[in-house]
Amino acid sequence: MLICAKVFASTVLILVNWSNTVVALPKLGPRTLLDVSITELGELLTAGDLSSRNLVDLYIQRAEQVDDELHAVIEINPDALRIAEHLDFELENGVTRGPLHGIPILVKDNYATVDSMLTGAGSVCLAQAKPAAEATVVARLRAAGAIILGKANLDEFARRSDIRRLCQASEALQVVR
């Protein structure tokens, strides 16, 4: 599925389905989006060879492709495309917030965001929680131009699941009975 194709004087940028080549540029060679660093993405954005909106579209598409199997993404930010368009506008007008300008990222669900997304820390009991204040790291990422694409899944309250502990607890219950 062709998402975007732009032809520049001597450079061709082609964005296609994740299973094929995503970025074809002379300086990068044929690569997939999985192989391109944040620095390289930033260079493409700054040069105008790639838009944040197209990049957000690609990452949303990727999340949808793998999430049924991985269950890695709890929620996609419904405002991500609008934010990307605004950051593209800033770049077009010479405003750069830093090396994360226009780069979409996921944050774990235990990082509070004050936006359309919820912050539940992976817990059913907090699934509908709306924090009063944004986590400092999230505020700093936004100030640096990062797009909070969504929330990544985690163990409840970010505690490590330990199967041995669960088995020991189960054995202890059997002894008590």
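Everything numeric here is computed off the predicted structure, so don't read it as measured data. (Residues numbered from 1 in each chain as written. Predicted model: local features only at pLDDT ≥ 70, side-chain atom pairs only at ≥ 80, totals over all residues. Heavy atoms only, no water.)

### What to know about the sheet that holds strand β7 (residues 147-152)
The 3 strands are arranged β5-β7-β6 in an open sheet whose pairing can be described as mixed. The strands lining the two open edges of the sheet, one partner per strand, are β5 (73-76) and β6 (104-108). In this sheet, adjacent strand axes meet at a mean angle of 35 degrees when their direction is disregarded. Here β6 runs beside β7; their pairing, made up of 5 bridges, is parallel. By the bridge assignment for β7, lysine 108 is matched with alanine 152. Against the sheet, helix α2 (residues 52-70) makes contact with β5, β6 and β7, and its axis sits at roughly 10 degrees relative to β7, the strand it touches most. (Pairing = 2+ DSSP bridges. Helix = DSSP H or I, 4+ residues; strand = E, 2+ residues; numbered from the N terminus. Axes fitted to C-alpha atoms, helices over the stretch in contact; angles between N-to-C directions. Contact = heavy atoms within 4.5 Å.)

### Some thoughts on the packing of α2 against helix α3 (residues 80-92)
Contact pair α2 / α3: the axes reach a minimum separation of 7 Å and the direction vectors enclose 155 degrees. The orientation of α2 with respect to α3, classified from their angle, is roughly antiparallel. Residues Ser52, Arg53, Val56 and Asp57 of α2 form the contact with α3, whose participating residues are Ala80, Leu81, Ala84, Glu85 and Asp88. In terms of residue class, the contact of α2 with α3 is made up of 4 nonpolar, 1 polar and 4 charged. (Parallel < 35°, antiparallel > 145°, perpendicular 65-115°, else oblique. Nonpolar A, V, L, I, M, F, W, Y, C, P; charged D, E, K, R; others polar.)

### Digging into helix α1 (residues 38-47)
The complete set of buried residues in α1 reads Glu40, Leu41, Gly42, Leu44 and Leu45. Just beyond α1, the residue with positive phi is glycine 48, at close to 80 degrees. (Buried < 20%, exposed > 50% of the residue type's maximum accessible area, 1.4 Å probe, protein only.)

### With respect to the layout of surface pockets
Quantified by volume, the largest pocket comes out at close to 210 Å³. Along the walls of the largest pocket sit 13 residues, with Tyr59, Arg62, Ala63, Val73 and Leu106 positioned nearest its centre. Every element with two or more residues in the lining of the largest pocket is listed here: α2, β5 and β6. When residues in the lining of the largest pocket are grouped by element, the largest group, 6 residues, is from α2. For the lining of the largest pocket, the per-class residue count stands at 11 nonpolar, no polar and 2 charged. (1 Å grid on protein atoms, 1.4 Å probe; cavity = no way out; pocket = protein on both sides within 12 Å on 5 of 7 lines; lining within 4 Å. Points joined across faces, edges and corners; volume = space filled by probe spheres on them.)

### Looking at the nonpolar core
One finds Leu41, Ile105 and Ile148 to be the most contacted residues of the largest nonpolar core, which totals 19 residues. Those elements that place two or more of their residues in this core are α1, α2, β6 and α4 (136-143). For this core, the element with the highest residue contribution is α1, accounting for 3 residues. When neighbours within four sequence positions are excluded, isoleucine 148 is seen to be in contact with Asn77, Ile105, Val107, Thr113, Met117, Val138, Leu141 and Arg142. (Core = buried A, V, L, I, M, F, W, Y, C linked by side-chain atoms within 4.5 Å.)

Purely spatial values, then, with no claim about function.
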